[in-house]
Amino acid sequence: MTTEQIKQFIQGGEWTSIAPEIRPSSIKNADGTLKPFYLTRVFKYIPGDKFELLVTNSAYAYGKIPLVKINIKGRMVWQGSHPIAEDAQKVDFIADEAYEVTPLLQGFADAMNKLATNGYNKWEVNQMQSIFKKAFAPFGLTDGQIFAEYDLIYIYNDMMFWGARNIDGRGFDKEENRPTNLQIPLIRKQ
């Protein structure tokens with residue numbers, strides 16, 4: 001598929017995780033191993049290279065204890081082919097419209113009330129706060145920074161793949177960290 005064919009194919013409707021996904025984080029357990037985190041995604045491509053992404057992080061593998069909901073909106077910049085698979089495309093996701101965090105569990109809100117207080121209201125369960133262009137230490141964001149990820153999109157058998165996190169937990173925050181493997185796919189929501 002060409003880039004234009006991919007854009008046409010992914011528009012119209014939402015794409016969702018088929019199951020909770022596991023990701024390595026940069027945080028380590030007491031034994032030195034990387035602490036995993038679990039999430040589900042709901043993605044919507046909007047013509048004109050816009051996107052909306054809703055990520056729900058969970059405390060455990062089966063997604064039964066949601067911790068936080070993260071809503072990101074912005075634009076997509078298509079950068080050409082990616083060598084992972086034929087027709088895969090490099091895509092930069094630039095969150096230049098919205099970046100919002102909603103605690104879903106009291107323990108998460110309590111942690112944010114210790115780690116992210118400057119410029120924020122008290123963190124409360126089910127109360128969204130914008131972190132757009134604000135310092136937010138839990139996600140490594142600095143004041144004025146617009147969040148961006150250097151990722152990929154690959155379509156195969158009506159499934160949309162993005163890149164799998166780097167095994168050492170590094171984010172996709174620079175071109176050299178762009179993924180080299182595929183993540184669990186998203187499927188079109190019925």
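The rules behind each value
Residues numbered from 1 in each chain as written. Predicted model: local features only at pLDDT ≥ 70, side-chain atom pairs only at ≥ 80, totals over all residues. Heavy atoms only, no water. Buried < 20%, exposed > 50% of the residue type's maximum accessible area, 1.4 Å probe, protein only. Helix = DSSP H or I, 4+ residues; strand = E, 2+ residues; numbered from the N terminus. Arc of directions from axis to C-beta. Polar contact = N/O pair within 3.5 Å; in protein donor to acceptor, adjacent residues only side chain to side chain. Contact = heavy atoms within 4.5 Å. 1 Å grid on protein atoms, 1.4 Å probe; cavity = no way out; pocket = protein on both sides within 12 Å on 5 of 7 lines; lining within 4 Å. Points joined across faces, edges and corners; volume = space filled by probe spheres on them. Nonpolar A, V, L, I, M, F, W, Y, C, P; charged D, E, K, R; others polar. Core = buried A, V, L, I, M, F, W, Y, C linked by side-chain atoms within 4.5 Å.

Undergrad: Please set out helix α1 (residues 3–10) residue by residue, giving values where relevant.
TA: An α-helical turn contains 3.6 residues, so a residue and the one three or four places further along point in the same direction. If you check which residues of α1 are buried, you get Ile6, Lys7 and Ile10. The buried residues of α1 occupy one face: seen down the axis, they fall within an arc of 100°. What points out from α1, more than 90 degrees from its buried face, is the exposed set Glu4 and Gln8.

Undergrad: Could you give me a rundown of the side chain of Arg23, with the residues and numbers involved?
TA: Positionally, Arg23 belongs in strand β2 (residues 21–28). You can call Arg23 buried: its relative accessible area is 8%. In this structure the side chain of Arg23 is engaged in a polar contact, spanning 3.3 Å, whose partner is the side chain of Glu21. Beyond its immediate sequence surroundings of up to four residues, Arg23 is in contact with Lys35, Pro36, Phe37, Leu39, Arg41, Arg165 and Gln183.

Undergrad: Describe the layout of surface pockets, listing the residues and the values that go with them.
TA: Counted as a void, the largest pocket has a volume near 1,300 Å³. Lining the largest pocket are 44 residues, with Ser25, Phe37, Asn57, Pro138 and Phe139 sitting closest to its centre. Going through the elements one at a time, β2, β3 (34–46), β4 (50–58), β5 (66–81), α2 (106–115) and β8 (148–156) are the ones with two or more residues in the lining of the largest pocket. Here the lining of the largest pocket is built from residues that sort into 26 nonpolar, 10 polar and 8 charged.

Undergrad: Please provide a residue-by-residue account of the nonpolar core, values included.
TA: Counting residues in each nonpolar core, the largest one holds 34 residues, and the members touching the most others are Ile10, Phe43, Met76, Trp123, Phe136, Ile153 and Met160. At the level of secondary structure, the elements contributing two or more residues to this core comprise α1, β3, β4, β5, β6 (89–103), α2 and β8. Judged by nonpolar contacts, the second largest core, of 5 residues, contains Ala85, Ala88, Tyr154 and Phe161.

Undergrad: Describe empty space enclosed by the protein, with residues and values.
TA: Within the structure shown, the criterion is met by 2 cavities of 30 Å³ or more. Of the pockets and cavities examined, the largest cavity occupies roughly 70 Å³. If you go around the largest cavity, the residues you meet are Phe51, Leu53, Ile72, Phe93, Ile94, Ala95, Phe147, Glu149, Asp151 and Trp162. When residues of the lining of the largest cavity are traced back to their parent elements, those giving at least two are β4, β6 and β8. Considering every element that reaches the lining of the largest cavity, the biggest residue donor is β6, with 3 residues. Residues of the lining of the largest cavity, tallied by class, amount to 8 nonpolar, no polar and 2 charged. Space inside the second largest cavity adds up to approximately 40 Å³. Looking at side-chain class alone, the lining of the second largest cavity contains 7 nonpolar, 1 polar and 1 charged residues.

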